[in-house]
Amino acid sequence: MRAALVTQYGPWRDLRVGDLAEPVAGDDELLLEVEASEVNFPDILHVEGRYQVKVPLPFAPGLGGVGRVLSAGSAVGDFTVGQRVLALPVHGMHAERVAVKADHCFAVPDDVPSDIAAALGLVYQTSWFGLFARADFRPADRVLVLGASGGIGMATIQLARALGARQVIAATRGAEGARVARELGADAVVDTTAPDLRDSLRAHVLELTDGHGADVVIDPVGGPVAEAALRAMAWEGRYVVIGFAAGDIPSFRANYLLVKNISVSGLQWTDYRKRDLARVRDAQERIFGLWREGRLKPRISSKLPLSRIHDAFEALEQGAARGKIVLVPDRLWDGGTA
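This text gives an overview of the structure that appears in the document.

Reading the values: rules and limits
Residues numbered from 1 in each chain as written. Predicted model: local features only at pLDDT ≥ 70, side-chain atom pairs only at ≥ 80, totals over all residues. Heavy atoms only, no water. Helix = DSSP H or I, 4+ residues; strand = E, 2+ residues; numbered from the N terminus. Contact = heavy atoms within 4.5 Å. Expected span 1.5 Å × (residues − 1). Buried < 20%, exposed > 50% of the residue type's maximum accessible area, 1.4 Å probe, protein only. 1 Å grid on protein atoms, 1.4 Å probe; cavity = no way out; pocket = protein on both sides within 12 Å on 5 of 7 lines; lining within 4 Å. Points joined across faces, edges and corners; volume = space filled by probe spheres on them. Nonpolar A, V, L, I, M, F, W, Y, C, P; charged D, E, K, R; others polar. Core = buried A, V, L, I, M, F, W, Y, C linked by side-chain atoms within 4.5 Å.

**Points about the environment of Phe 244**
Along the chain, the position of Phe 244 falls in the loop between β12 (233-241) and α8 (254-259). Put simply, Phe 244 and Pro 220 are 24 residues apart on the chain and 5.8 Å apart in space, counted from C-alpha to C-alpha. Dropping the residues within four chain positions of it, Phe 244 is found in contact with Pro 220, Val 221, Gly 222, Ile 249 and Pro 250.

**Some points on helix α4 (residues 151-162)**
The α-helix winds at 3.6 residues per turn, so residues separated by three or four positions along the chain end up facing the same way. With twelve residues, α4 should cover 16 Å at 1.5 Å per step; its first-to-last C-alpha distance of 17 Å lies within 8% of that length. In terms of residue burial, α4 counts as a mostly covered element, since ten of its twelve residues are buried. Within α4, burial applies to Ile 152, Gly 153, Met 154, Ala 155, Thr 156, Ile 157, Gln 158, Leu 159, Ala 160 and Ala 162.

**Quick word on the layout of surface pockets**
Taken as a whole, the second largest pocket encloses approximately 320 Å³ of empty space. Lining the second largest pocket we find 20 residues, and of these Glu 29, His 91, Val 98, Ala 99 and Val 100 sit closest to its centre. Among the elements that line the lining of the second largest pocket, the one with the most residues is strand β6 (residues 97-101), at five residues. Tallied by class, the residues present in the lining of the second largest pocket amount to 14 nonpolar, three polar and three charged.

**Topic: the nonpolar core**
In this structure, Tyr 124, Trp 128, Phe 129, Ile 157, Leu 159 and Leu 296 are the most contacted members of the largest nonpolar core, which totals 58 residues. Beyond its immediate sequence surroundings of up to four residues, Leu 296 is in contact with Leu 120, Tyr 124, Gln 158, Leu 159, Ala 162, Ile 287, Leu 290 and Trp 291. Core analysis: the second largest hydrophobic core is formed by 22 residues, Val 190, Leu 201, Ala 232 and Tyr 239 among them.

The following block contains the structure:
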């Protein structure tokens, strides 16, 4: 079976597409024929051995995608052969076939194309739980989205808009990032390349919100922008830490949290998949429902054959994707791009 093959941890540029042993479904698993897989920044961390948990070698990376059921284990009763499912496993989707725990799979409605369903997976799930489970999102909220041109940022802009946020403010870098954020539904944009970010971001957000500040901050970035965003928050604001794409883990001054009654919380989405699967399933059904209503439109910047996974990782690392990158097995590649 062809797969993006990790035989030892190291730079992602050493990753090769090669032959991996054919997977076999266990009692609680589905064997899937992969049709589309989404590329995420944690894929790079897995390949380089920098993720929180190291995957046993050899393995294929890939945290999400869509496949068609080839067979089901003896303990699986909710899925049928031939059915399409969105799979959100620990790894394995950047391959032709994969065995996935049935609890990590979600039925895909017939009218949702496989590439769209893949793009509506991990980042939308993460954004959903960031907004609802951690930020206690309310329709009257003013939401500040950091890293707005990244996967989680783009998903959060669309979800907050679709679910009735009073105002969605995108924090991103440069004119191209601003253009994309506005296309996705952001009401306003703040440029994180502005000088004196610590003060300029706060001033801009207060100006945009008539002095109110951000009720919710969703942060997959960390680094210097985190401290600046904290200072731009409203009274009783809710700040959600999702990741550290900038590389630096921020520190928050407790006195600032105290004087404005701000809460800071973290989100590790995989814990919800492990501890509250019913809630995760409900979220995915609602995400698919919002797409079917025309209220979500994932931005797929490119579709590539699996053999070009290097190009996908390069775009991620350089921040040049401006949308979700979807890989398809070479056997399904039609020679075009999204």
